[in-house]
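# Notes for the structure review
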Amino acid sequence: MSRQAGTGNNGKLQATILKKCDRSLHRPPTNQQCAAGTCQHTCEPSQIERCRHAWTVRYTVNGVQRDKSFRDEMDAAKRVLFGTGLKKAQDFQLQLTRGKRAQGRTYVDPRAGNELFGPAAVAFIASSALDAGPDTRAGYMSCYRTNVRRFERRTLAQMATQAAADEVDELLNVTMAGKSTGQRRLARMIITGTMDAAVKAEKIGRHKLAGINLTEGTTAAPAPGRKQSARVNPSDA
Ligand SMILES: [Zn+2]
Ligand SMILES: [Zn+2]
C-alpha cells in the first residue's frame, strides 16, 4: 500500500505514505530482517487500512532516508478512529513536499530505491548484461571486494545522489590513485553498471555517477596519509 500524492514538477515521487507492517514490502532476498524473520511485515495489504499500526511518511533528503509515523486517534470510548492517522500523514506529506521542494533538495522514491547497493552490484556482475566468462567475472568480483564493497550497505537511492558521486570520484582518483588504470576503470564500470541496471529496472529514476573521469597519477604510489577511508554517513557529504 502506497499513497503517492507527493509528486513534484518533474513527476518524481517525493514522499511516500506506507505502513511498515505492509506484507507487500516483505523482501527476503534483499532485506536481512525479512530473511531472518525479524521484520515488521505482519499485515496483509488488504488489512492495513484497519490495523492498529501507525502510518509512516517515508522520504529521502539528500540521500538520507527518514520516517515519521502517525497513529490513528481514539475517541472517548477508546474506539479507534480509523483514517485519522492517515490524514495526519497526508498533511505532513503535503507540508513536506511543499516546504522542501522550495529548498531545492533531492527526493527519490524510497520504496523503489530501498535495495542495498552491495547485493545489486553482485547481481550485476553475475548478470547476462555483462558479456563475460567465469574467469572475467571472478576478476570483477575480486575488484568489487577490494575496492567497491565500502558502498555495500548504501541503498541504491543513496548511491544515486551527487554526494555519492563525489565519494566515488574520491574513491577512483584518491583512494585508488596508486592502483592500475585497469583496476580503476573496472571499479568505475562495476559502480556505474550497477546503477545503470537499477535505472533500467526502474528502482531509481536516475543517478549522478556517469562521466566521472579518471585523473592523472595512476602510476604514482599514494602519499602516506593520503589514503582516505570512505565516509560511512552520507549526510556529512
Ligand atoms: Zn519482511
Ligand atoms: Zn498492520
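The structure reproduced in this document is the subject of the present report. (Residues numbered from 1 in each chain as written. Chains lettered and ligands numbered in written order. Predicted model: local features only at pLDDT ≥ 70, side-chain atom pairs only at ≥ 80, totals over all residues. Heavy atoms only, no water.)

### Observations concerning the overall build of the chain
Each helix and strand counted, the chain has seven helices and six strands in total. Starting at the N terminus and ending at the C terminus, the chain contains elements arranged as β-β-α-β-β-β-β-α-α-α-α-α-α. For the chain, with 237 residues in total, the buried portion stands at 40%. For the chain, the exposed surface amounts to about 12,900 Å²; the carbon and sulfur share of it is 47%. (Helix = DSSP H or I, 4+ residues; strand = E, 2+ residues; numbered from the N terminus. Buried < 20%, exposed > 50% of the residue type's maximum accessible area, 1.4 Å probe, protein only. Areas by Shrake-Rupley, 256 points an atom, 1.4 Å probe, with all protein chains shown as cover.)

### Regarding the environment of Glu49
With respect to the secondary-structure elements, Glu49 resides in the loop between helix H1 (32-36) and strand E3 (55-61). Each C-alpha atom, one on Glu49 and one on Phe82, is 7.6 Å from the other, the two residues being 33 residues apart in sequence.

### Focus: the side chain of His207
Among the secondary structure elements, His207 is positioned in the segment after helix H7 (181-200). Among the polar contacts made by the side chain of His207, one reaches the side chain of Asp196 at a distance of 2.7 Å. Side-chain polar atoms of His207 contact the backbone nitrogen of Leu209, separated by 3.0 Å. Discounting residues that sit within four places of it in the chain, His207 has contacts with Ala160, Thr192, Met195, Asp196 and Val199. (Polar contact = N/O pair within 3.5 Å; in protein donor to acceptor, adjacent residues only side chain to side chain. Contact = heavy atoms within 4.5 Å.)

### Observations regarding the packing of helix H4 (residues 134-148) against H7
Where H4 meets H7, the closest approach of the two axes is 10 Å, and the angle between their N-to-C directions is 90°. Taken together, H4 and H7 sit at an angle that is classed as roughly perpendicular. Taken together, the residues of H7 that come into contact with H4 (itself represented by Gly139, Tyr140, Cys143, Tyr144, Asn147 and Val148) are Gln183, Leu186, Ala187, Met189, Ile190 and Ile191. (Axes fitted to C-alpha atoms, helices over the stretch in contact; angles between N-to-C directions. Parallel < 35°, antiparallel > 145°, perpendicular 65-115°, else oblique.)

### Notes on the coordination of the zinc ion (ligand 1)
Four donors placed tetrahedrally around a metal ideally meet at 109.5 degrees, and six donors placed octahedrally ideally meet at 90 or 180 degrees. Those donors, His26 (ND1), Cys34 (SG), Cys39 (SG) and His41 (ND1), are the protein atoms that reach the zinc ion (ligand 1), and they lie 2.0 to 2.3 Å from it. Each of the four donor atoms around the zinc ion (ligand 1) contributes to a set of angles spanning 103 to 119°, which defines the coordination as tetrahedral. Mapped onto the sequence, the residues coordinating the zinc ion (ligand 1) show the spacing H-x7-C-x4-C-x1-H. Since its relative accessible area comes to 11%, His41 is described here as buried. (Donors = N, O, S within 2.8 Å, 3.2 Å for Na, K, Ca; no water. Tetrahedral: all angles 85-135°; square planar, octahedral: opposite > 155°, others 65-115°.)

### Re the packing of aromatic side chains
The relation between two aromatic rings is expressed through the spacing of the ring centres and the mutual angle of the planes. This structure, assessed with the given rule, holds two aromatic pairs. Look at Phe70 and Phe92: their rings are 5.6 Å apart centre to centre, the planes differ by 45°, and that puts the pair in the tilted class. Of this pair, Phe70 sits in strand E4 (residues 64-70) while Phe92 is found in helix H2 (residues 84-102), placing the two residues 22 residues apart along the sequence. Exposure class is identical for Phe70 and Phe92. Each is buried. Across from the ring centre of Trp55, 4.7 Å away, lies the NZ or CZ of Lys19, which sits over that ring. (Phe/Tyr/Trp six-rings, centres within 6.5 Å; stacked < 30°, edge-to-face > 60°. Lys NZ or Arg CZ within 6 Å of the ring centre and 35° of its normal.)

### Topic: the layout of surface pockets
To find the voids left in a structure, one rolls a probe of water-molecule size over its atoms. Roughly 670 Å³ of volume is contained in the largest pocket. Taken together, 20 residues line the largest pocket, and the ones lying closest to its centre are Asn31, His41, Arg58, Gln65 and Asn114. Grouping the constituent residues of the lining of the largest pocket by class yields four nonpolar, 10 polar and six charged. Composition of the lining of the largest pocket by domain shows at least three residues from each of domain 1 (3-102) and domain 2 (115-236). (1 Å grid on protein atoms, 1.4 Å probe; cavity = no way out; pocket = protein on both sides within 12 Å on 5 of 7 lines; lining within 4 Å. Points joined across faces, edges and corners; volume = space filled by probe spheres on them. Nonpolar A, V, L, I, M, F, W, Y, C, P; charged D, E, K, R; others polar. Domains from an automatic or database assignment.)

### Quick notes on the coordination of the zinc ion (ligand 2)
Bound to the zinc ion (ligand 2) are the protein donor atoms Cys21 (SG), Cys43 (SG), Cys51 (SG) and His53 (ND1), situated 2.1 to 2.4 Å from the metal. Between the four donor atoms coordinating the zinc ion (ligand 2), the angles at the centre fall across 102 to 118°, so the site counts as tetrahedral. Along the chain, the residues donating to the zinc ion (ligand 2) are arranged with the sequence spacing C-x21-C-x7-C-x1-H. On the basis of relative accessibility, which here comes to 8%, the residue Cys43 falls in the buried class. Classification of Cys51 as buried rests on a relative accessible area of 9%.

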